[in-house]
Amino acid sequence: MASIRRTLSPVPRQGTLISGEAERSVPSPLSKSSSCSQNYPPTGGLSSLFGLSDSQALVLGVFSPRSSRPHDRSKQKGQVWRRALFHFFICFIVGFFIGLTPFISMDFSYMNPSSKHQALSFEVVSTAGNFQTLDSSERNVTSMMDNRGVENNVKLEALVQRQEMVEGDLDNSLTNQSLSQDIDQESCKLLIVVTPTYARPLQAYYLNRLAFTLKLVQPPVLWIVVEMTSQSEETAHILRRSSVMYRHLVCKKNLTDIKDRNVHQRNVALSHIETHNLDGIVYFANEENIYSVDLFEQMRRIRRFGTWTVAKQTWDKSRTVVEGPVCNGTQVIGWHLNGLSRRFRRFHAELLGFAFNSTILWDPKRWHRPTLEPIRQIDTVKDGFQASSFIEQLVEDESQMEGLLQDCSKIMVWELNVESYNSFYPQKWSMMNNLDVIAPLA
């Protein structure tokens, strides 16, 4: 056992601890550096000698002029670390100066108080100073603010003038746009032409003539034709071939109970307009009268009620008279009459001498009508008072009227009586049998 302990006992080598000696670091026997011929004092000795910590010893070893490591490989590693730290330090210094370059090249003109573009600055006054310094600084700030205020006011006035000019141009453009919209609305306003008719020899002639006139009018045009009792085939055929938008209505009133069938036929058309809320200009156009195309174009300018002058033929067909409003521009200032018996009428316009807005029939709140009763023609009034009694339901006085057609001086409607009451016409205007030969060929 003694021999075995001797063999396992450690062999004292160079650098090992002996009792009574100081502690020294021993290199590992597996280290390859043991074959080196040179011996260097270990770093542990320096740290223990000077009482330095491990990190301080590392820094000392890096920046020490002499390497404390005993081997060549550790020396090379130390040189690599020093070179890397040196490069890092150089790069850091260069980057720091490059980062300061934009701030150094800045324009410091704003620091000059006499600059025109000087920013508004405020002076900080210490509270420990005396009141004289505070007063002087306040005066300086006030004078500077006043000068800048004058300049700002001048600039503000220029901006306000420029804004007013822009707003003026905008208002002009909006006004022009509204005018163009009004013109477009006038040109697109619906014309509602009401025509009562009945079977007689010249019915086809009258209806065809009026249909060709309405065909020349710029659309939209709605032609409401009203017959008594039932729709005749002749009238329906003419309306289908007219190329005009129409509505063929029938008045169911008994002919024996009415005084004037035209009044009830017009009331049927008025009820139809009110029921369907048709928005346009209503005009009573009898089929036997003659109309100019310009008359229908002028009607689209009417806002509430329009009137104009009419040429009429007397019942004896001996002469022609002119009746209608006397206007100053579009304002009605009087009436021109020929019969003394009609001076007692409130309004002296004829049925073919006025037109009105259809919304008066079905929208009383818009026109502030005093009553909600439907507007209709009255059959019980005296002859010659039909038009006046109907106009009284539409307007209060002449101030709500508009005179049309060049100060009411241009005539575009003619009332003629060319029909004979003793004439005869074949049914459906078609000859069923051949006519009798009156003058045979030789």
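Residues numbered from 1 in each chain as written. Predicted model: local features only at pLDDT ≥ 70, side-chain atom pairs only at ≥ 80, totals over all residues. Heavy atoms only, no water.

**Structural notes on the overall build of the protein**
Right, so step 1: A tally of regular secondary structure across the protein gives 13 helices and 12 strands.
Right, so step 2: Expressed as a percentage of its 442 residues, the buried residues of the protein come to 30%.
Right, so step 3: Partitioning the contacts of the protein with sequence separation of at least 6, the portion at a separation of at least 24 is 69%.
Right, so step 4: Approximately 31000 Å² of the protein is accessible, and the part contributed by carbon and sulfur atoms is 57%. (Helix = DSSP H or I, 4+ residues; strand = E, 2+ residues; numbered from the N terminus. Buried < 20%, exposed > 50% of the residue type's maximum accessible area, 1.4 Å probe, protein only. Contact = heavy atoms within 4.5 Å. Areas by Shrake-Rupley, 256 points an atom, 1.4 Å probe, with all protein chains shown as cover.)

**Quick look at the confidence of the model for the protein**
Right, so step 1: Averaged over every residue, the pLDDT of the protein is 73; the share at 70 or more is 60%.
Right, so step 2: Note that residues 1–52 has pLDDT below 50 and, in this model, 23 contacts with residues that lie over four places away or in other chains.
Right, so step 3: Predicted confidence is poor over residues 65–69, with pLDDT under 50, and the contacts of this stretch with residues over four places away or in other chains come to 7 contacts. (pLDDT = per-residue confidence, 0-100.)

**A few points about the packing of aromatic side chains**
Right, so step 1: For the coordinates displayed, the defined rule picks out 11 aromatic pairs.
Right, so step 2: Geometrically, the ring pair formed by Tyr283 and Trp308 is tilted, given 5.7 Å between the ring centres and 50° between the ring planes. With a gap of 25 residues between them, Tyr283 in strand β4 (residues 281–284) and Trp308 in the loop between β6 (305–307) and β7 (310–313) connect regions that are remote in the sequence. In terms of burial, Tyr283 and Trp308 fall into one category: buried.
Right, so step 3: Between Phe284 and Phe354, the aromatic rings sit 6.4 Å apart at their centres with planes inclined by 85°, giving edge-to-face as the arrangement. Residue Phe284 is found in strand β4, and its partner Phe354 is found in strand β10 (residues 354–357); the two are separated by 70 residues along the sequence. Here Phe284 matches Phe354 in class, with each residue buried.
Right, so step 4: Aromatic rings pair up to connect Phe284, Phe305, Phe354, Phe356 and Phe390 into one cluster.
Right, so step 5: Looking at Arg200, its charged tip hangs above the ring of Tyr198, at a distance of 4.2 Å from the centre.
Right, so step 6: Here Arg261 stacks its cationic end above the ring of Tyr198, 3.9 Å away from the centre of that ring. (Phe/Tyr/Trp six-rings, centres within 6.5 Å; stacked < 30°, edge-to-face > 60°. Lys NZ or Arg CZ within 6 Å of the ring centre and 35° of its normal.)

**A word on the nonpolar core**
Right, so step 1: Within the largest apolar cluster, 35 residues are counted, with the highest numbers of intra-cluster contacts made by Phe284, Phe354 and Phe356.
Right, so step 2: At the level of secondary structure, the elements contributing two or more residues to this core comprise β1 (191–196), β2 (221–228), β3 (246–251), α8 (261–276), β4, β10, α10 (359–362) and α12 (386–391).
Right, so step 3: Looking at this core element by element, the count peaks at 4 residues for β2.
Right, so step 4: If we skip the residues at most four places from it in the chain, Phe356 touches Leu270, Gly280, Ile281, Val282, Phe284, Arg304, Phe305, Leu361, Phe390 and Leu394.
Right, so step 5: In this structure, Tyr291, Phe296, Leu352 and Val413 belong to the second largest nonpolar core, which totals 30 residues. (Core = buried A, V, L, I, M, F, W, Y, C linked by side-chain atoms within 4.5 Å.)

**As for a nonpolar patch on the surface**
Right, so step 1: A cluster of nonpolar residues, Phe86, Phe88, Phe89, Ile90, Phe92, Ile93, Val94, Phe96, Phe97, Ile98 and Leu100, forms a patch on the protein surface that exposes about 1100 Å² of accessible area.
Right, so step 2: Inspection of the secondary structure puts Ile98 in helix α4 (residues 72–104). (Patch = residues over 30% accessible without salt bridge, like charges linked within 9 Å, V, L, I, M, F, W, Y side chains within 5 Å. Salt bridge = Lys/Arg side-chain N within 4 Å of Asp/Glu carboxyl O.)

**Structural notes on helix α7 (residues 233–240)**
Right, so step 1: Residues of α7 that are buried include every one of Thr235, Ala236, Ile238 and Leu239, and no others. Across the axial projection of α7, the buried residues extend over an arc of 160°, all falling on one side. Exposed residues lying more than 90 degrees from the buried face of α7 are Glu233 and Arg240.
Right, so step 2: Those residues of α7 hidden inside the fold are in contact with α6 (203–215), β2 and β3. (Arc of directions from axis to C-beta.)

**Considering the sheet that holds strand β12 (residues 413–415)**
Right, so step 1: An order of β5-β12-β7-β8-β9 is seen for the 5 strands of this open sheet, with the pairing classed as mixed. With partners counted over all chains shown, the strands left at the sheet margins are β5 (290–291) and β9 (331–336), one partner each. (Pairing = 2+ DSSP bridges.)

**Here's the deal with the pairing of β10**
Right, so step 1: Note that β4 and β10 share 3 bridges and pair antiparallel. Across the sheet, Tyr283 pairs through a bridge with Ala355, a residue of β10.
Right, so step 2: Bridging between β6 and β10 involves 3 bridges; their strand directions are antiparallel. When the bridges of β10 are listed, Gly306 appears paired with Ala355.

**Quick word on the side chain of Thr195**
Right, so step 1: When you line up the elements, Thr195 lands in strand β1.
Right, so step 2: Here Thr195 falls in the buried class, since its relative accessible area comes to 0%.
Right, so step 3: A polar side-chain atom of Thr195 sits 2.8 Å from the main-chain carbonyl oxygen of Ala285.
Right, so step 4: Setting aside residues no more than four positions away along its own chain, Thr195 makes contact with Leu210, Trp223, Ile224, Val225, Val226, Ala285, Asn286 and Glu287. (Polar contact = N/O pair within 3.5 Å; in protein donor to acceptor, adjacent residues only side chain to side chain.)

**Thoughts on α6**
Right, so step 1: With 13 residues, α6 should cover 18 Å at 1.5 Å per step; its first-to-last C-alpha distance of 18 Å lies within 8% of that length.
Right, so step 2: All buried positions along α6 are accounted for by Gln203, Ala204, Tyr206, Leu207, Leu210, Ala211, Thr213 and Leu214.
Right, so step 3: Those residues of α6 that are buried lie in contact with β1, β2, α7, β5 and α9 (293–299). (Expected span 1.5 Å × (residues − 1).)

**Describing the environment of Arg261**
Right, so step 1: Relative to the elements of secondary structure, Arg261 occurs in helix α8.
Right, so step 2: What makes Arg261 partly exposed here is its relative accessible area of 30%.
Right, so step 3: Residues Arg261 and Thr197, 64 residues apart in the sequence, show an inter-C-alpha distance of 9.4 Å.
Right, so step 4: Setting aside chain neighbours within four positions, we find Arg261 in contact with Tyr198, Met228 and Leu255.

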